[in-house]
Amino acid sequence: MSLPDGWNPEELARAKRLAASVRSGVDARVLAVRAPGRVNLIGEHTDYSGLPVLPVAIDRSTIVVAAANATGEIELANADPVWPPRRFAIEQQIPPYQTGDWANYVKAAVQAVIDRFSTRINWRGASMAVDSSVPIAAGLSSSSALTVSTAMAFMAVNELELDPLEAATMVARSEWYVGTRGGGMDQAASILGRRDHALFIEFEPLRVRGIKMPANAALVVADSREVADKSGKVRAEYNRRVIECALAARILGRALKLDDVKILGDVVRAQPGWNAVDLVEKLAASSPARLDPDLKEAANILGVSQSALDMELLGHGPSRIALDPKRPLEILKRARHVFNETQRVIRAADVLETGRLDEMGKLMNASHASLADDFECSTDRLDTIVECARRGGALGARLTGAASAARSSRYATWQALTR
Ligand code: GLA
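Every value quoted in this text rests on a predicted model; they were computed, and no experiment measured them.

A.B. asks: Quick question: what am I supposed to make of the pattern of salt bridges here?
C.D. replies: When their charged atoms lie close together, side chains carrying opposite charge are able to pair. Here the structure, examined in full by the defined rule, presents 30 salt bridges. With a closest N to O distance of 3.0 Å, R29 and E159 form a salt bridge. Note that R29 is positioned in the loop between α1 (9-19) and β1 (31-42) and E159 in the loop between α3 (142-157) and α4 (164-172), a separation of 130 residues in sequence. A salt bridge links R344 to E341; the shortest N-O distance between them is 2.9 Å. Placement of the pair is R344 and E341 together in helix α11 (residues 332-353), with a separation of three residues, close to one helical turn.

Now the structure itself:
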């Protein structure tokens, strides 16, 4: 039997094992979906500013096997006993489980499909069984692999289809449901990943260009064994940085007399020929480097009311972002990282395409330094691993994935080597 596109024999075997645990209630059809994790080569903490990234889908994946049922519910089983079975009703607005529950990512996926096909009324439920080989909380996007695979399975059970770009756009913000204000990199990498290719991904609107990995390059992913649990402490750190970048964008937008700037990407798109140094200088001339977390100073600079700014940036209700009142918001450093990183990503796409691996390594090293110094999201252990990789002959090494300055966080690191 030939393998479906993108599948390997081990994944097919996992799908067959899972098939035994789903109950088909409506018809005899059982379907299987795979969604890979990703490692990001460069372009860290740029996606939620609408700026480009350069990830690679990896050979670890989440497999979901699903069959339609007539109960109007999603029944979930997970091959890993750490994640207990769950069952929830399909509603227009699905209430989340408690923070940290694994099935919230599935609820996020189902909610994203319901929102996308909002005129549909009769939803088929599904029995779904999940098996993932993507390491959890390790910066390789296990959460998106789960969200993407269950969204696709739920759509298939309901006989819905989207082209891959539309599907990636649909799930890009699904993790907002669990309270993380992420960008769309992980979901796009999982859906649009291509064998032996890195993906140059741009946002607003989503566009993807595959870049063939040079045959003499090897990627090594090393796990630092620190934990980056995005439904826990890391989430607060992550969301804080989203707010810091959004504030920097608004201040710059006002200083440059641009309309309707919400994210740093809006500034870049409105300034063809932009460069990081000029934009950072302009920001420094328009705002203190740090602002109070109560947003009063920021509101004054922007000429808006503090309460309106608070509501717009932090939201309300259970998904409201809570900012530590004792820590100032870093505006200048964060924007400096994002602009410099964006220049590196654009360069990296070119360098990779033309096989200049030495240069690629240098860009990765510069990315790590900027994440450590300006974005303040590395850890001592990560810095050490990265250093060891370089001393061991890697052309470049950097942390990858979600981030948090919380010193208890975990990232995978990676290095590039020539063979
Ligand atoms: C997480 C998020 C992504 C991206 C990275 C950091 O993986 O899910 O959207 O922001 O962190 O680059």
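A.B. asks: Sorry, what's going on with the pairing of strand β2 (residues 54-69) here?
C.D. replies: Working note: regular strand, side chains alternate between the two faces of the sheet. Most of β2 is tucked away: 14 of the 16 residues are buried. In the sheet, β1 pairs with β2 via 10 bridges, with the strands oriented antiparallel. What sits directly across from P36, in β2, is S61. By the bridge criterion, eight bridges tie β2 to strand β5 (residues 125-132) in an arrangement that is antiparallel. The residue bridging A68 from the neighbouring strand is A126, located in β5.

A.B. asks: Looking at this structure, I do not really get helix α5 (residues 185-192). What am I missing?
C.D. replies: In an α-helix there are 3.6 residues to a turn, and that puts residues three or four apart on one side. Counting buried residues in α5 gives seven out of eight residues, a clear majority hidden from the surface. Looking only at α5, the buried set comprises M185, D186, Q187, A188, A189, S190 and L192. As for α5, its buried residues are in contact with β1, β2, α3, α4, β6 (197-202) and β7 (207-212).

A.B. asks: What is the right way to read the site of the ligand from this model?
C.D. replies: Around the ligand, a shell composed of 12 residues is seen, among which E44, H45, D47, D186 and Y238 lie nearest. One nitrogen or oxygen atom from the main chain of H45 is found 2.8 Å from an oxygen atom belonging to the ligand. Between an oxygen atom of the ligand and a main-chain N or O atom of G183, the distance comes to 3.1 Å. Residue classes in the shell around the ligand are distributed as four nonpolar, three polar and five charged.

What counts as what
- Residues numbered from 1 in each chain as written.
- Predicted model: local features only at pLDDT ≥ 70, side-chain atom pairs only at ≥ 80, totals over all residues.
- Heavy atoms only, no water.
- Salt bridge = Lys/Arg side-chain N within 4 Å of Asp/Glu carboxyl O.
- Helix = DSSP H or I, 4+ residues; strand = E, 2+ residues; numbered from the N terminus.
- Buried < 20%, exposed > 50% of the residue type's maximum accessible area, 1.4 Å probe, protein only.
- Pairing = 2+ DSSP bridges.
- Contact = heavy atoms within 4.5 Å.
- Near = heavy atom within 4 Å.
- Polar contact = N/O pair within 3.5 Å; in protein donor to acceptor, adjacent residues only side chain to side chain.
- Nonpolar A, V, L, I, M, F, W, Y, C, P; charged D, E, K, R; others polar.

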